[in-house]
Every structure is written in structure tokens, then in C-alpha cells.
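Spelled out, the chains give:
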Amino acid sequence: MTTIATQLRAATAQIASAATQAGRSPESVLLLAVSKTFPASAVREAALAGQRHFGENYIQEGVEKIAALSAMADLPRLTWHCIGPIQSNKTRLVAEHFDWVHTIDRLKIAQRLSEQRPAHLPALQVCIQVNADGGDTKSGCTPAEAPALAQAIAQLPRLQLRGVMSIPDPQPDAAAMLAVHQQAVAVFHQLQQLPGLAPLDTISLGMTADLASAIAAGSTMVRVGSGIFGARS
Ligand SMILES: *Cc1c(COP(=O)(O)O)cnc(C)c1O
């Protein structure tokens, strides 16, 4: 068995154990494999081991990998998630190539993505990135800004709002980590209560180091990079 396949199994087992401990079903948490900085050959290996959802941070790098992987006729169709910051001049590439965007934190980017989403593709699936713990070095809207942004996104014809994404700062202990994850989940529940929105089902929360507490807090999608592909140089 290859290393990537082995690591994928381990990550899946870790997710299942965290879910079970939290009284949740293992199938309620999707594993997103974060392949940033790793070559198309690594993505291919993961795809051959059964992985279908991949996350990329850097738009150009992601678009090149999407093209390379789509050209491999022996692979099933993969689902690509943009999980990095998006500048205005990159929205077209994202709208044309990705299936999901996790990092919407302002309306202008959402509007451009909706306008630029090609008609032959399904609506772009999006999450609002929330800076739930107020760390000042990060992107993401504030929890207070999230409801108005959600309602504005719901009006955009080529986007489908699915939920929230957050990247809380590391905390000194497990209880503090759980608390910051719960802050992000609270924003999701607040958005769920808004009138006029289609049902939301996605909480993109947790990475290699903090996936257990993210799942305990309610994450439905964990973004795992180094835990699958190894350390990034
Ligand atoms: C890099 C990255 C990840 C994966 O991080 P690991 O610690 O390698 O699991 C997840 N989410 C985002 C937004 C990232 O940039």
C-alpha cells in the first residue's frame, strides 16, 4: 500500500473515531484532501485510493492541477474546492474551474464569482469564511457581518450558499480549541435561522492538527493536508 493511501485510511479512521466519540455518524464528516504544493501525481495517487474531494489554496496552481487531473481518462471526476484567499483579478479562473469556494468574506468577490460562473456549469457551491475568534492576522468576515453577507449571497443566481468555513488560531489546550471551534459553529447556526435562505449543511472546520475538536464542535468537512500528503516544504 502506498504512503498516501495509508495516510488517507488513517485520516478516515481518525475522523470516524472523533465522530463516534462525539455521538455523530462518521458519514456526517467529509474529508477534504488539501493538495496545495503537492504535484498532480500525489493527487492522482489519492484519487486512485478513492479520495474524491480536493482543496487548493493557490488559484493558478489549483487550475493547473485541475486540468492535469481532468485529462487522466482513467480517473473518475474529482470535486475541487478553493480554500485560499481570492483577489478580484482571480475570480474568473475560480468561477470557471472550481466546484466549491470556502473563502468568501466580502460581497464584491461573491458578485464577481456569480457573474463569471459559466452557464453550462452547476452553481458554484460556497461557504462564508468567518473570523470567528477575532484573530487579527486572518481573512474572514466578522460574525456580526456574516448574516447580511449570507442574505446578499442568497440573491446571487450562480452561487449556492452551503455554510461557513473558519480557521481558528491554535489554542494552548483542547478545551480552548473546542471553544473557538464552537464559536464558528455558532455562526453557522445563526445563519441557519435567517429567513429566506435555502437550507445550509456545511461547516468547513478543522485541519490535520485540530480535526478531533472541530468534529466535536460540529464540523461537517475537515480540510486535511499534511496528514495525508506529508509535511510541506
Ligand atoms: C493548508 C490548509 C489546510 C491544511 O492544513 P494541514 O495542517 O496541512 O492539514 C486546511 N485549510 C486551509 C485553509 C489551509 O490553507
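Residues numbered from 1 in each chain as written. Predicted model: local features only at pLDDT ≥ 70, side-chain atom pairs only at ≥ 80, totals over all residues. Heavy atoms only, no water.

Student: Looking at this model, I keep getting lost on the packing of helix H6 (residues 146-153) against helix H7 (residues 174-192). Mind explaining?
Tutor: Any two packed helices are characterised by the angle at which their axes cross and by the distance between the axes. Packing of H6 against H7 brings their axes to within 10 Å, and their N-to-C directions diverge by 50°. Viewed along their axes, H6 and H7 adopt a mutual orientation that is oblique. The crossing of H6 and H7 is right-handed. Between H6 and H7, the residues in contact are Ala 146, Pro 147 and Ala 150 and Val 187, Gln 190 and Leu 191, respectively. Classifying every residue of the contact of H6 with H7 by side-chain character gives five nonpolar, one polar and no charged. (Axes fitted to C-alpha atoms, helices over the stretch in contact; angles between N-to-C directions. Helix = DSSP H or I, 4+ residues; strand = E, 2+ residues; numbered from the N terminus. Parallel < 35°, antiparallel > 145°, perpendicular 65-115°, else oblique. Left-handed = near helix turned anticlockwise from the far one by under 90°. Contact = heavy atoms within 4.5 Å. Nonpolar A, V, L, I, M, F, W, Y, C, P; charged D, E, K, R; others polar.)

Student: Even after reading the chapter, I still don't get the environment of Glu 27, so can you show me in this structure?
Tutor: By the secondary structure assignment, Glu 27 is in the loop between helix H1 (3-21) and strand S1 (30-34). What makes Glu 27 exposed here is its relative accessible area of 68%. Placed 203 residues apart in sequence, Glu 27 and Gly 230 show a C-alpha to C-alpha distance of 24 Å. (Buried < 20%, exposed > 50% of the residue type's maximum accessible area, 1.4 Å probe, protein only.)

Student: Teacher, can you tell me more about helix H3 (residues 59-70) here?
Tutor: Helical periodicity: at 3.6 residues per turn, an α-helix aligns residues three or four positions apart in one direction. Here H3 contains 12 residues, and its C-alpha end-to-end distance of 16 Å stays within 8% of the 16 Å for a straight helix at 1.5 Å per residue. Listing the buried residues of H3 in full gives Ile 59, Gly 62, Val 63, Lys 65, Ile 66 and Leu 69. Seen end-on, H3 carries its buried residues on one side only, within an arc spanning 165°. (Expected span 1.5 Å × (residues − 1). Arc of directions from axis to C-beta.)

Student: Got a minute to help me understand the site of the ligand in this structure?
Tutor: Around the ligand sit 13 residues, and of these Lys 36, Asn 57, Thr 208, Ser 226 and Arg 232 come closest. One nitrogen or oxygen atom from the side chain of Thr 208 is found 2.4 Å from an oxygen atom belonging to the ligand. A distance of 2.8 Å separates a nitrogen atom of the ligand from a polar atom in the side chain of Arg 223. Residues belonging to the shell around the ligand are distributed by class as follows: six nonpolar, four polar and three charged. (Near = heavy atom within 4 Å. Polar contact = N/O pair within 3.5 Å; in protein donor to acceptor, adjacent residues only side chain to side chain.)

Student: Mind showing me how you'd approach the pairing of strand S7 (residues 202-205) here?
Tutor: The two faces of the sheet receive side chains in turn, since in a regular strand these alternate between them. Burial along S7 is two-sided: Thr 202 and Ser 204 and Ile 203 and Leu 205, pointing in opposite directions, are all buried. Direction of pairing for strand S6 (residues 159-166) relative to S7: parallel, over a ladder of four bridges. Counterpart to Val 164 in the pairing with S7 is Ile 203. A crossover links S6 with its parallel partner S7, the connecting element being H7, and its sense is right-handed. (Pairing = 2+ DSSP bridges. Right-handed = clockwise from strand over helix to strand, strands pointing away.)

Student: Got a minute to help me understand the packing of aromatic side chains in this structure?
Tutor: Note on aromatic pairs: each is described by the distance of the centres and the angle between the planes. On inspection of all chains with the given rule, the structure shows two aromatic pairs. Seen from their ring centres, Phe 38 and Phe 229 are 5.4 Å apart, and the 25° between their planes marks the pair as stacked. In this pair, Phe 38 sits in the loop between S1 and helix H2 (40-48) while Phe 229 sits in helix H9 (residues 226-229), placing the two residues 191 residues apart along the sequence. (Phe/Tyr/Trp six-rings, centres within 6.5 Å; stacked < 30°, edge-to-face > 60°.)

Student: Before we go on, may I ask you to explain H1 in this structure?
Tutor: With 19 residues, H1 should cover 27 Å at 1.5 Å per step; its first-to-last C-alpha distance of 27 Å lies within 8% of that length. All buried positions along H1 are accounted for by Ile 4, Ala 5, Leu 8, Ala 11, Ile 15, Ala 18 and Ala 19. Axial view of H1: buried residues confined to an arc of 155°, hence all on one face. Looking at H1, the residues exposed on the side facing more than 90 degrees away from the buried face are Thr 3, Arg 9, Thr 20 and Gln 21. In this structure, the buried side of H1 is in contact with S1, H2, helix H8 (211-217), strand S8 (221-224) and H9. Once H1 finishes, Gly 23 follows within two positions and takes phi at roughly 75°, a positive value.

Student: Please clarify how the side chain of Thr 103 should be interpreted in this entry.
Tutor: Structurally, the position occupied by Thr 103 is in strand S4 (residues 100-104). On the basis of relative accessibility, which here comes to 6%, the residue Thr 103 falls in the buried class. If we skip the residues at most four places from it in the chain, Thr 103 touches Cys 82, Ile 83, Gly 84, Ile 86, Cys 127, Gln 129 and Met 165.

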